[in-house]
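Here's the letter readout for the chains.
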Amino acid sequence: MKHFFYFLTLLVGVNSWAQLGSIASQYCKGSISSDIAVKQAKLNNGNKILITQSNSPASGDKTENSRGDYDFWVICLDQNDQIVWEKTIGGTNIDLPSDLLISSDQNIYIGGTTKSPTSFEQTNSLFGSWDAWLIKMTSSGNILWDKNYGGTALDGFSDLIELPSGNIMAFGSSASSNSGNKTSSSYGSIDVWCLKLNSNGTILNDWSIGGADIDTRPIVVQSGPNHLKLVCESLSNISGLKTENCFGSTDLWVLDLDTNCTIQQQKTIGGSDIDGISDILLNNNGDLLILSQSWSNISGLKSEDSYGLMDTWLLLLNNDLDIVLQKTIGGVGQDYGSRIHELANGNIVVAANSDSPQNTFKTEANIGLMDVWMYAVDANFNFIADQTLGTTLDDNVVDLFMDPNATNISILANSSGSAQNDNTCVGNGGYDIWGLTLNSTLEVKENQSTTSLKVYPNPTSNFITIENNNSEQLLSIDLLDYAGKHIKSFKPNNTSINLSDLNPGIYLLQISTPQGNYCEKIRLE
C-alpha cells in the first residue's frame, strides 16, 4: 500500500472530545501472505459474511490454495467471530472483489472484476482484458452461478443493490464500447455502467452514463420504490449526459435516477482540486448524506479550506441535490473516509483512516504509519467524539455496521501489525483481516416530534397502526431498513401496515407530510 510520510513539528490546539467506546472484542483472520478485507454484511441468523482479496496459499485460517494472482476469499463468521465456512474463488489470473450484497432471500452476491480466463471457479470466457464478474452463493457457501459482463476493453463492478422486485442492479465502470454483452454505447473513455439483472444473472437491460472524459466508481442507494441516488467521480465537463462543468480535476457527480437509469436531475460538486467519493446513505429524513475525500481548499462549492494533504468532507444534500450542510474534517496529513452510519437520533459515525497527529478534531496522537480513526458528528455536523485505533505499522478501516440499538460498532479493518497496541491478535502474514467490536458510548434517543401522528404497537409482531388525530395530509409512507435501504412503500391512506412478511429486526417508518418528514423506529419481533 502506498502512503505519503510527513515529518512536521506543529503547535496545534487540541479539543477534548468524548471517545466512541471501548474495545469489547476483536479477531484476526489471515494466512501467510496478504489478505485484504473489502466489505462485510450480516445474515438474518447473525452470521457475518466477509469478502477479501487474497493471494495466499492454504495456511493460517485459509484452507484452499490461491487459484492465481489474487482471488476472492469469502469467509462466514458466527456471532463469536469463529469461522463457519470459508471459500477461495477465482481463476488463474487476477480477481478482485469490490461489493457484497445479501439479498432478501438470504443469498450472497459478490461483485468485482476478473482478468482470469476460464479456470477454477471462473467458468466463463473473457469478453475483454478485464470483465465485470458477479457470483451468487447460498448462505452456506455453495456457488449457484458466476457470470461475466463487459465488452472488449476493461469493465468492473463497484456496487450492487436489490430492487423490491427481486431484480439486482449492478453498477460499475466501463471502458468498452457496445460489444460483448454490453449493448449501450459509450460517451467517454470510461463511463458509469448500470445493469439490471434477474436473479439468474440474465441482463434485462444496460445503460451507460457519462461525459466525454472519465466518470467512474459509482456508489448507489435506493431513495424510493423506483428511484436511486448515484454518486460517482467525474473528470468530464459538459458533454454526453453531463450538464455542468467540473470545478476541479475530479469532482463528485450526483445523479437522481429512476430504476431504468434515466437521469431525473444531476449536480456537479467539488472544489478546484480532487474530490472523490467514499460512501453515501439516505438519512432519517430521506436526504442524501455523502462522505467524500477532498484535496480542495475553498473554491467551487467547497466552503472550507483543507487541513492537510487530504481530508474527509461531509455533505448533506436535499431532494433538489442542493448542499444543505458541509464540513471539512482532518489534520495535517492524510485523512480519508471509508464508511458512514447514521443513528436514530441523527448522530453520524464515520470510519476513516488517518496518519495525522493530534489536531483540532483528533484527540489522540497517531500510533503507526496509518491508523483507524473513528469519529462522530451530530445532525448539524458538530464534532462530538473520536477514537484512534491501530498498531505501529499500517492499519486501514474498510467497513462498519452497528447493531439496531447502536450499543456496538462492528469495524472491519486490515492490519500489518501483530499483537501490539490495540491489536491483540498474533498475525499470520503481511496483512491480516482485523475485526473489532466497540461498546458504543453514543446514546440512542428516540426521535422526538411535535407531529400528531402516533404509531403503535411498538414493538410489534405483525401489524402497526398509524393514528392521525389532526388528519394531517400524508404524502407517502415508506419502510426502510436500519441502514437506510428502502424495503417497501404503502399507500398514504393506509393506516394499518402489515409487516408480517418481514424478518424480525429494527426498521424505520418514514412518513412524509407537507410539514415535513416523520421518522419512527419500529422494532419487529
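An account of the accompanying structure is given in this report. By convention here, each chain's residues receive numbers from 1 onward along its written sequence. With pLDDT at 70 or above as the cut-off, local features in this predicted model cover only qualifying residues; side-chain atom pairs require 80 or more to be listed or tallied, and sums for whole chains, interfaces and linings still use all residues. Side-chain measures were taken over the full set of non-hydrogen atoms in the model, leaving aside hydrogen atoms and water.

The pairing test for Phe, Tyr and Trp rings, Trp by its six-membered ring, is centres within 6.5 Å, and the orientation test on the planes gives stacked under 30 degrees, edge-to-face over 60, and tilted for anything in between. Counted by the stated rule, this structure contains eight aromatic pairs. Judged by centre distance (6.2 Å) and plane angle (65 degrees), the rings of Tyr-109 and Trp-145 are edge-to-face. With a gap of 36 residues between them, Tyr-109 in strand S7 (residues 108–114) and Trp-145 in strand S9 (residues 143–149) connect regions that are remote in the sequence. The pair Tyr-109 / Trp-145 is uniform in exposure class, with both members buried. A run of DSSP states H or I qualifies as a helix once it reaches four residues; a run of E qualifies as a strand once it reaches two. Both are numbered from the N-terminal end. Only protein chains enter the area calculation, which uses a 1.4 Å probe; residues under 20% of their type maximum are buried, those over 50% are exposed, and those in between are partly exposed.

Structurally, the position occupied by Asp-478 is in strand S31 (residues 476–481). Here the alpha-carbon distance between Asp-478 and Lys-302, two residues 176 residues apart in the chain, equals 33 Å. Other than its neighbours up to four places away in sequence, Asp-478 contacts Pro-225, His-486, Lys-488, Ser-489, Leu-508, Leu-509 and Gln-510. Contacts were defined at the residue level, with two residues in contact if any of their heavy atoms lie within 4.5 Å.

Once that is clear, we can look at the pairing of strand S18 (residues 275–282). Of all eight residues in S18, eight are buried, a share of seventy percent or more. Note that S18 and strand S19 (residues 288–294) share seven bridges and pair antiparallel. Bridge assignment links Ile-280 to a residue of S19, and that residue is Ile-290. Hairpin connection, S18 to S19: the antiparallel pair is bridged by five residues, and Gly-286 has positive phi, about 85 degrees. At least two DSSP bridges between two strands are needed for those strands to be called paired.

To continue, consider the side chain of Thr-363. You can see Thr-363 is positioned in the loop between strand S23 (348–354) and strand S24 (371–377). Polar contacts involving the side chain of Thr-363 include one to the side chain of Asp-386, which spans 2.8 Å. The definition of a polar contact used here is a pair of N or O atoms within 3.5 Å, where within protein one atom must be able to donate a hydrogen and the other to accept one, and adjacent residues in sequence count solely through side-chain atom pairs.

Our next topic: the sheet that holds strand S22 (residues 335–342). The antiparallel open sheet is built from four strands, whose spatial order is S22-S23-S24-S25. Of all the strands in the sheet, the pair left with one neighbour each is S22 and strand S25 (383–389). Taking the axes of each pair of neighbouring strands and ignoring which way they run, one obtains an average angle of 20 degrees across the sheet. Bridge count between S22 and S23: seven bridges; the pairing is antiparallel. Note on S23: the bridge partner recorded for Ile-340 is Val-350. Lines fitted to C-alpha atoms define the axes here, with helix axes fitted over just the stretch in contact, and angles between the N-to-C directions of these axes take values from 0 to 180 degrees.

Strand order in the open sheet formed by four strands is S2-S3-S4-S5, with antiparallel pairing between adjacent strands. Both outer strands of the open sheet, strand S2 (35–42) and strand S5 (83–89), are each paired with one neighbouring strand and no more. Averaged over all neighbouring strand pairs, the angle between strand axes comes to 20 degrees, with direction disregarded.

Close approach of charged atoms allows side chains with opposite charge to pair. Each salt bridge in this description consists of a side-chain nitrogen of Lys or Arg and a carboxyl oxygen of Asp or Glu lying within 4 Å of one another. Tallying each qualifying case throughout the model produces 10 salt bridges. A salt bridge links Arg-67 to Glu-64; the nearest nitrogen and oxygen atoms lie 3.1 Å apart. Judged by relative accessible area, which is 25%, Glu-64 ranks as partly exposed. Arg-339 is the salt-bridge partner of Asp-279, the closest N and O atoms lying 3.3 Å from each other. Linking Asp-279 in strand S18 with Arg-339 in strand S22, this pair joins segments that are 60 residues apart in sequence. Among the residues examined, Arg-339 registers a relative accessible area of 22% and is labelled partly exposed. Via salt bridges that share partners, Glu-64, Arg-67 and Glu-121 belong to a single interconnected network.

One finds Leu-20, Met-374, Leu-389, Ile-409 and Ile-411 to be the most contacted residues of the largest nonpolar core, which totals 20 residues. Residue assignment for this core shows that the elements contributing at least two residues are S23, S24, S25, strand S26 (395–402), strand S27 (408–415) and strand S28 (432–440). Filtering out sequence-adjacent residues up to four positions away, Ile-409 remains in contact with Leu-20, Met-374, Leu-400, Phe-401, Met-402, Leu-436, Thr-437, Leu-438 and Ser-440. Only buried residues count toward a nonpolar core, which is a set of Ala, Val, Leu, Ile, Met, Phe, Trp, Tyr and Cys residues joined through side-chain atoms within 4.5 Å.

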